[in-house]
2 protein chains.
Amino acid sequence: MPSQEAITQTVNRYLALVATGTADEILPLYAADATIEDPIGSDLRRGHDAIREFYAGFQDVKKETELAELRVAGSEAAFLWHLRLDAGDSRTQISPISLMTFDEDAKITSMRAFWSPSDVQVL
Amino acid sequence: MPSQEAITQTVNRYLALVATGTADEILPLYAADATIEDPIGSDLRRGHDAIREFYAGFQDVKKETELAELRVAGSEAAFLWHLRLDAGDSRTQISPISLMTFDEDAKITSMRAFWSPSDVQVL
């Protein structure tokens, strides 16, 4: 089982890279056959190609992330975080609750994000 | 799939009953073969007998609950909440992130709670 510290590091690195990194920088945080369900209810994306495509879709948007609450248990994490999107003339915030599972090396094996369009706040 | 409103009602009713209800009052919120993993990493409890035993263990403790953040997606919910325990001479707070899945009738089919002893705050 990965250590709580290693999981915490992966989560923090993930949020930093979601804010300012590229899809190719995020990718090594994920295990090869990892899955993404973001938001919950959307089609599952599996594997690095699908994951790269997901993050590439918004890597050029100006944004900030902030970790609000993190709980690590076993080889899993649940965290509430804020994603602020700056489109120049409009600033919006989404605050998902995300779930991740991790492998022995604290690489993400699955990521699921609870949020819906009705959660988007205009700042 | 249960409606978001029905799921929200179940979550709010659950937190109200965790605060002031008995195990027998909480039980009808759960489907017959529901499972509990609280905290994550502990043995899974399955079915009404095991669930009653879980809640009976602390039904007589004076406590308050507060819903902080709720996300509902599909037939699932994730929520951050506060549990304040009042043992007379000591007051403590735990703030779990809990996950629930629901059946068609918005009864809870599984509950998993992310928290650990290190998250307990003395108030």
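Scroll up for the structure.
A short tour of the structure in this document, coming up. Everything numeric here is computed off the predicted structure, so don't read it as measured data.

## Observations concerning the pattern of salt bridges
All names here are of chain B. On inspection of all chains with the given rule, the structure shows 16 salt bridges over all chains. The partner of Asp24 in a salt bridge is Arg52, with the nearest N and O atoms 2.8 Å apart. Of this pair, Asp24 sits in helix α2 (residues 23-26) while Arg52 sits in helix α3 (residues 48-56); the two residues are 28 residues apart in sequence, bridging distant segments of the chain. Taking relative accessible area as the criterion, Asp24 reaches 49% and is therefore assigned partly exposed. The class of Arg52 is partly exposed, set by a relative accessible area of 32%. Between Lys62 and Asp86 there is a salt bridge, with the nearest N and O atoms lying 3.8 Å from each other. Here Lys62, found in strand β3 (residues 62-73), pairs with Asp86, found in strand β4 (residues 76-86); they are 24 residues apart in sequence, far enough to count as distant. Residue class for Lys62 comes out exposed when judged on its relative accessible area of 59%. For Asp86, a relative accessible area of 23% corresponds to the partly exposed category.

## Focus: the relation of the copies chain B and chain A
The two copies are related by a screw operation: chain B maps onto chain A through 180° of rotation and 0.0 Å of translation along the axis, at an RMSD of 0.0 Å. Put plainly, the chains are arranged around a two-fold axis. Closest to the rotation axis within chain B is the C-alpha of Leu80 of chain B, separated from it by 4.0 Å.

## Points about the pairing of strand β4 (residues 76-86) of chain A
Residue and element names in this part refer to chain A. β4 sits mainly inside the fold: 9 of its 11 residues count as buried. Examined bridge by bridge, strand β3 (residues 62-73) and β4 share 11 bridges and lie antiparallel to one another. Paired with Glu64 across the strands is Arg84, a residue of β4. In sequence, β3 turns back onto β4 through a hairpin of 2 residues, with Gly74 there showing a positive phi of about 60°. Alignment of β4 against strand β6 (residues 97-102), held across 5 bridges, turns out to be antiparallel. Bridge pairing links Leu80 to Ile97 in β6. Summarising the sheet, β4 and strand β5 (residues 91-94) pair through 4 bridges and their orientation is antiparallel. In the strand pairing of β5, Leu85 is matched with Thr92. Between β4 and β5, which follow one another and run antiparallel, lie 4 residues, and Gly88 among them has a positive phi close to 85°.

Criteria and thresholds
Residues numbered from 1 in each chain as written. Chains lettered and ligands numbered in written order. Predicted model: local features only at pLDDT ≥ 70, side-chain atom pairs only at ≥ 80, totals over all residues. Heavy atoms only, no water. Salt bridge = Lys/Arg side-chain N within 4 Å of Asp/Glu carboxyl O. Helix = DSSP H or I, 4+ residues; strand = E, 2+ residues; numbered from the N terminus. Buried < 20%, exposed > 50% of the residue type's maximum accessible area, 1.4 Å probe, protein only. Least-squares fit on C-alpha atoms with pLDDT ≥ 70 in both. Pairing = 2+ DSSP bridges.

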